[in-house]
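Tertiary structure, described
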Amino acid sequence: GAVQAFGSDYPVYPMDPLLGIYTAVTRQTRAGTPAGGWYPQNRIGVEAALTHYTRDAAYAEFEESVKGTISPGKYADFVVLSRDILAIPPAELLDTRVLLTVMGGRETWRAASTE
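Residues numbered from 1 in each chain as written. Predicted model: local features only at pLDDT ≥ 70, side-chain atom pairs only at ≥ 80, totals over all residues. Heavy atoms only, no water.

Some remarks on the layout of surface pockets
The space that makes up the largest pocket amounts to roughly 1200 Å³. As for the largest pocket, its lining consists of 32 residues, and the residues nearest its centre are Tyr53, Thr54, Asp77, Phe78 and Val79. Where the lining of the largest pocket is concerned, the elements lending two or more residues are α1 (17–26), α2 (46–53), α3 (55–60), β1 (78–81) and β2 (98–103). Of the residues forming the lining of the largest pocket, the biggest block, four residues, is contributed by β2. A per-class count over the lining of the largest pocket returns 19 nonpolar, seven polar and six charged. Here the second largest pocket is characterised by a volume of approximately 280 Å³. (1 Å grid on protein atoms, 1.4 Å probe; cavity = no way out; pocket = protein on both sides within 12 Å on 5 of 7 lines; lining within 4 Å. Points joined across faces, edges and corners; volume = space filled by probe spheres on them. Helix = DSSP H or I, 4+ residues; strand = E, 2+ residues; numbered from the N terminus. Nonpolar A, V, L, I, M, F, W, Y, C, P; charged D, E, K, R; others polar.)

Considering the nonpolar core
Ranked by internal contacts, the top residues of the largest apolar core, which has 13 residues, are Phe6, Ile21, Val46, Ala49, Ile85 and Leu93. Counting residues per element, the ones that place at least two in this core are α1 and α2. Here this core takes six residues from α1, the largest share from any one element. For Ile21, the contacting residues outside a window of four places in its chain are Val46, Ala49, Leu50, Tyr53, Ile85 and Leu93. (Core = buried A, V, L, I, M, F, W, Y, C linked by side-chain atoms within 4.5 Å. Buried < 20%, exposed > 50% of the residue type's maximum accessible area, 1.4 Å probe, protein only. Contact = heavy atoms within 4.5 Å.)

A few points about the sheet that holds β1
Taken in spatial order, the three strands make up an open sheet running β1-β2-β3, and their pairing is antiparallel. Both edges of this open sheet fall to β1 and β3 (106–110), since each of them pairs with a single strand only. Pairs of neighbouring strands in the sheet enclose a mean axial angle of 20 degrees, with direction left out of account. In this sheet, β3 lies alongside β2 in antiparallel orientation, the contact comprising four bridges. Along β3, the bridge assignment pairs Thr101 with Trp109. (Pairing = 2+ DSSP bridges. Axes fitted to C-alpha atoms, helices over the stretch in contact; angles between N-to-C directions.)

With respect to a nonpolar patch on the surface
Residues Tyr10, Val12 and Tyr13 make up a contiguous nonpolar surface patch of roughly 350 Å² in combined accessible area. Summarising the element assignment, Tyr13 is placed in the segment before α1. (Patch = residues over 30% accessible without salt bridge, like charges linked within 9 Å, V, L, I, M, F, W, Y side chains within 5 Å. Areas by Shrake-Rupley, 256 points an atom, 1.4 Å probe, with all protein chains shown as cover. Salt bridge = Lys/Arg side-chain N within 4 Å of Asp/Glu carboxyl O.)

Thoughts on α1
For α1, the tally of buried residues reaches eight of 10 residues, placing the bulk of the element in the interior. The set of residues buried in α1 consists of Leu18, Leu19, Gly20, Ile21, Tyr22, Ala24, Val25 and Thr26. Buried positions along α1 lie against α2 and β1. A side-chain oxygen of the first residue of α1 lies 2.9 Å from the backbone nitrogen of Leu18; this N-cap is Asp16. (Polar contact = N/O pair within 3.5 Å; in protein donor to acceptor, adjacent residues only side chain to side chain.)

So, the environment of Thr26
Summarising the element assignment, Thr26 is placed in helix α1. On the basis of relative accessibility, which here comes to 10%, the residue Thr26 falls in the buried class. Between the C-alpha atoms of Thr26 and Asn42, which are 16 residues apart in sequence, the distance is 9.2 Å. Sequence-distant contacts of Thr26, defined by excluding residues within four places in its chain, comprise Gly37, Arg43 and Pro90. A distance of 2.8 Å separates a polar side-chain atom of Thr26 from the backbone oxygen of Tyr22.

Shape descriptors only; they carry no functional weight alone.
Listed below in structure tokens is the structure:
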């Protein structure tokens, strides 16, 4: 029943949440090591990792009433990705790009190219 909040702002790990999701799903580094994954029994699915980075992270900062899910009355904070990360093999997470970032309903970043 514990809430497991993931984050990308601590200086001991890269700030790329997609890399964090990949690592949680595969239990491997970007280079694919260790073979079979580190403690592979602790792998989780992409959907669970995404929940930990969004809803659960908002809960951990006492902000679940205004962020963490896309719901009426909450901030419109979201990204548009180049791939559907719930439908691709885990290795493709490493090649997935952020195309658009929206915070508070305002576009804050857009990729120069969507190729």
